[in-house]
Amino acid sequence: MKSAPQLLTDPFLQLPTDTSVRVVWFTEFTGSKHLVTYGDNFGHTAPANTSQLTRTREDQHSHNGQIYQQPVNREVWRHEALVTGLTPGVRVPYWVTSVREDGESVSSGIFTLTATPKPGTPLKILLTSDHQLKPMTAANLQKVVETVGQVDGVFFAGDLANTPDRASEWFDDNRGAALFPGLQGRAHYEIAKTTYTGGQIIQHAPMFTCIGNHEVMGRFARTRSLDDEFNDPIPRAVAKKLYGEKSLLDHSFNTITYEEIFTLPQSLTGGKTYYAVSFGDVRLVVLYITNTWRTPRLDVEARGRYREAEKDLSNPENWGYGQIIYEAIAAGSQQYNWLATELKSPEFQQARYKVVMFHHPPHTLGDNIVPPYTDPVPMIERDEYGNIQGVRYEYPQSADHIIRDLVPLLEAANVQLVFYGHSHLWNRFISPSGMHFLETSNVGNSYGAAWNGNQRPVPIGYQEDYVAVGDPNGLEPVVPTIAPLLKEDGQPMPYIASNEITVFSIFDTGTGTVTSYRFNTHAPESEVIKFDEFRLIN
Ligand SMILES: [Fe+2]
């Protein structure tokens with residue numbers, strides 16, 4: 001018997017305008033027809049354009065019920081319909097239908113869509129990041145919906161999945177915590193004998209994302225697994241030298257799958273990779289600020305952030321080149337110049353709330369802020385015959401692009417909130433001028449905080465003095481204003497870095513407040529606790 005067709009995801013909303021929004025969903029069949037049915041009496045339809053994802057694969061590390069020996073293509077089709085004639089503030093019900101080539105069809109449940117909100121509309125915006133199929137994510141998203149109901153938008157500060165070309169991580173990883181199921185209330189993840197489904201969020205609310213290190217794949221198909229491929233980027237300039245001009249994306253790094261999955265606002269110079277958008281009273285500026293995560297290990301086998309592996313010293317094709325900055329943000333770069341222009345635009349200057357989102361932390365207690373965010377400086381040791389004996393990388397603190405170039409620009413433009421992720425913890429900071437910094441990335445798991453007796457791994461015997469404890473960029477973390485966690489001695493902790501307590505934050509544009517909530521996943525009957533709140537001044 002033929003099996004009934006299924007959708008690979010529920011529909012979700014993208015790129016709202018004053019009168020329209022896009023509805024996007026995925027199937028594993030091409031189909032003969034795909035459409036959105038919407039309106040008060042479901043009297044309207046909008047046809048979808050269909051395209052196939054070009055890079056999605058599965059491999060020996062996939063969890064989708066099949067066994068693979070190496071990366072193999074997985075066929076996934078994407079459908080996108082433009083729904084027009086909308087009125088801001090008016091929600092309209094909709095569903096989507098996909099018809100298979102044999103005529104069998106499948107429809108989604110009923111959700112709601114709307115145009116982009118007008119200025120003056122009070123909105124609840126979920127601030128989230130770093131889902132990466134981590135254990136607490138489904139519980140986190142479920143508690144978002146249970147606590148605040150339907151949000152109006154999602155700002156996602158990067159790291160959606162782990163290895164972006166592995167299809168199942170977006171759609172149907174059978175451990176139950178893939179990206180779309182979590183954000184669509186179709187996850188299935190058990191903690192402490194409680195199964196969490198995530199929340200029905202992006203069916204009703206547009207999501208604006210930025211690129212984290214986990215959105216970037218390395219050199220295409222040079223290695224035996226997708227994880228190895230993810231870990232195999234090299235700088236574009238090195239790729240040009242090694243391979244010439246041909247398919248530079250394939251021979252360095254790429255964000256192809258991410259860009260194929262999402263329809264985002266675009267900038268002239270950055271396309272989808274950095275952009276700005278007005279959403280109600282918010283001008284959101286999204287930047288492409290992330291670098292390769294490489295191991296801090298210093299042993300001879302480490303192709304790490306501070307050194308190359310000994311076995312590859314004579315083979316630069318296999319070098320990692322340290323923590324590569326994927327898109328420059330240093331003063332004078334294309335992205336920096338675009339940002340400087342954006343910050344002078346009327347859309348930005350007249351916005352009630354000026355928010356900047358990117359992945360890499362400017363201030364954090366987490367591990368990932370060390371080494372400084374700058375181009376790795378290679379130190380090559382040679383013997384008397386010129387043979388390479390060792391390659392080390394240094395990252396001068398004084399050349400940190402985020403601190404040296406970006407933050408002063410944001411300060412001068414009166415940005416109120418800088419929102420980021422990457423370190424998997426919750427903490428926040430305020431600069432002397434009053435600019436807020438928030439990292440709300442203790443969503444699915446944590447890797448701890450360099451505070452309270454814990455230290456980051458820092459290399460010994462290097463020129464630069466890498467900072468093992470606290471915020472290397474000199475701010476003190478702010479103690480949560482309502483209900484901080486307490487240390488054993490009863491003192492309040494200025495952060496949450498926990499694999500039991502998950503955290504989410506909501507930006508309420510009606511009151512201008514950013515509120516953070518925590519939930520103990522190991523005490524499923526416990527309440528969600530509002531533990532911090534601050535207000536953006538305008
Ligand atoms: Fe990250």
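Before reading on, note that the structure itself is shown above.
Residues numbered from 1 in each chain as written. Predicted model: local features only at pLDDT ≥ 70, side-chain atom pairs only at ≥ 80, totals over all residues. Heavy atoms only, no water.

Asks: Explain the overall build of the chain here, please?
Replies: Counting its secondary structure elements, the chain contains nine helices and 26 strands. Across its three principal directions, the C-alpha atoms of the chain cover 80 × 55 × 50 Å. Burial statistics for the chain: of 538 residues in total, 60% are counted as buried. At a minimum sequence separation of 6, the contacts of the chain that also span at least 24 residues come to 68%. When the accessible surface of the chain is summed, it comes to about 21100 Å², and 49% of that surface belongs to carbon and sulfur atoms. (Helix = DSSP H or I, 4+ residues; strand = E, 2+ residues; numbered from the N terminus. Buried < 20%, exposed > 50% of the residue type's maximum accessible area, 1.4 Å probe, protein only. Contact = heavy atoms within 4.5 Å. Areas by Shrake-Rupley, 256 points an atom, 1.4 Å probe, with all protein chains shown as cover.)

Asks: Would you take a moment to explain the coordination of the iron ion for this structure?
Replies: Reference geometry at the metal: tetrahedral coordination by four donors gives ideal angles of 109.5 degrees; octahedral coordination by six donors gives 90 or 180 degrees. Here the iron ion is held by the protein donor atoms Asp159 (OD), Asn213 (OD1), His359 (NE2) and His422 (ND1), which lie 2.0 to 2.1 Å from it. Taken together, the four donor atoms surrounding the iron ion define angles of 86 to 165 degrees at the centre, an arrangement classified as irregular. Mapped onto the polypeptide sequence, the residues donating to the iron ion form the spacing pattern D-x53-N-x145-H-x62-H. Taken together, the residues Asn213 in the loop between β15 (207-209) and α4 (226-230) and His422 in the loop between β21 (417-420) and β22 (426-430) connect sequence positions 209 residues apart. A residue is classified by how much of its surface remains accessible, and Asn213, at 4% relative accessible area, is buried. (Donors = N, O, S within 2.8 Å, 3.2 Å for Na, K, Ca; no water. Tetrahedral: all angles 85-135°; square planar, octahedral: opposite > 155°, others 65-115°.)

Asks: Hey, could you run me through the sheet that holds strand β12 (residues 153-156) in this one?
Replies: Working definition: the strands of a sheet are paired by backbone hydrogen bonds and lie parallel or antiparallel to each other. Taken in spatial order, the six strands make up an open sheet running β15-β12-β11-β24-β25-β26, and their pairing is mixed. Every interior strand has two partners, whereas the edge strands, β15 and β26 (529-535), have only one. Ignoring which end each strand starts from, the neighbouring axes of this sheet average 20 degrees apart. Pairing analysis gives eight bridges linking strand β24 (residues 501-508) to strand β25 (residues 513-520), with the strands arranged antiparallel. What sits directly across from Ile506, in β25, is Thr515. Sitting on the sheet, helix α1 (residues 137-148) touches β11 (124-128), β24 and β25, and the angle it makes with β24 is about 45 degrees. (Pairing = 2+ DSSP bridges. Axes fitted to C-alpha atoms, helices over the stretch in contact; angles between N-to-C directions.)

Asks: I keep staring at the pattern of salt bridges and nothing clicks. Help me out?
Replies: Pairing between side chains of opposite charge can happen when the charged atoms of each approach one another. According to the stated counting rule, one finds 28 salt bridges in the structure shown. One network of salt bridges, with partners in common, ties together Arg219, Arg222, Asp232, Arg303 and Glu317. (Salt bridge = Lys/Arg side-chain N within 4 Å of Asp/Glu carboxyl O.)

Asks: Looking at this structure, I do not really get the sheet that holds strand β17 (residues 282-286). What am I missing?
Replies: Taken in spatial order, the six strands make up an open sheet running β16-β17-β18-β21-β23-β22, and their pairing is mixed. Looking along the sheet, the strands with just one partner apiece sit at the ends: β16 (275-279) and β22. Each adjacent strand pair in this sheet contributes to an overall mean axis angle of 20 degrees, direction not counted. Two elements, β22 and strand β23 (residues 436-440), share five bridges in a ladder whose sense is antiparallel. Paired with Arg428 across the bridge in β23 is Leu438.

Asks: Got a minute to help me understand the environment of Ser62 in this structure?
Replies: Mapped onto the fold, Ser62 is located in the loop between β5 (57-58) and β6 (72-73). In contact with Ser62, other than residues within four places in its own chain, are Tyr68, Arg166 and Ser168. At 2.6 Å, the side chain of Ser62 and the side chain of Glu58 are in polar contact. At 2.8 Å, the side chain of Ser62 and the backbone nitrogen of Asp59 are in polar contact. (Polar contact = N/O pair within 3.5 Å; in protein donor to acceptor, adjacent residues only side chain to side chain.)

Asks: Sorry, what's going on with the nonpolar core here?
Replies: Soluble globular proteins tend to bury their nonpolar side chains together. Counting residues in each nonpolar core, the largest one holds 119 residues, and the members touching the most others are Phe26, Phe155, Phe171, Phe180, Phe262 and Leu339. Those residues within four positions of Phe26 in sequence are excluded, and the remaining contacts are Leu7, Leu8, Thr9, Phe12, Leu53, Val76, Trp77, Arg78, His79, Phe171, Phe180 and Ile261. Counting 20 residues, the second largest nonpolar core, distinct from the first, contains Leu13, Ala81, Leu86 and Tyr94. (Core = buried A, V, L, I, M, F, W, Y, C linked by side-chain atoms within 4.5 Å.)

Asks: When you look at the packing of aromatic side chains in this model, what are you seeing that I'm missing?
Replies: Aromatic ring pairs are reported here in terms of the distance separating the ring centres and the angle at which the planes meet. Here the structure, examined in full by the defined rule, presents 25 aromatic pairs. Ring geometry for Tyr353 against Phe507: centres 5.3 Å apart, planes inclined by 80 degrees, an arrangement best described as edge-to-face. One end of the pair, Tyr353, is in strand β18 (residues 353-357); the other, Phe507, is in strand β24, with 154 residues separating them in the sequence. You can call Phe507 buried: its relative accessible area is 0%. Members of the aromatic cluster, joined through ring pairs, are Phe12, Phe26, Trp170, Phe171, Phe180, Tyr258 and Phe262. Positioned over the ring face of Phe220 is Arg55, at 3.9 Å from the centre of the ring. The ring of Phe519 has Lys143 lying over it, and the distance from NZ or CZ to the ring centre is 4.5 Å. (Phe/Tyr/Trp six-rings, centres within 6.5 Å; stacked < 30°, edge-to-face > 60°. Lys NZ or Arg CZ within 6 Å of the ring centre and 35° of its normal.)

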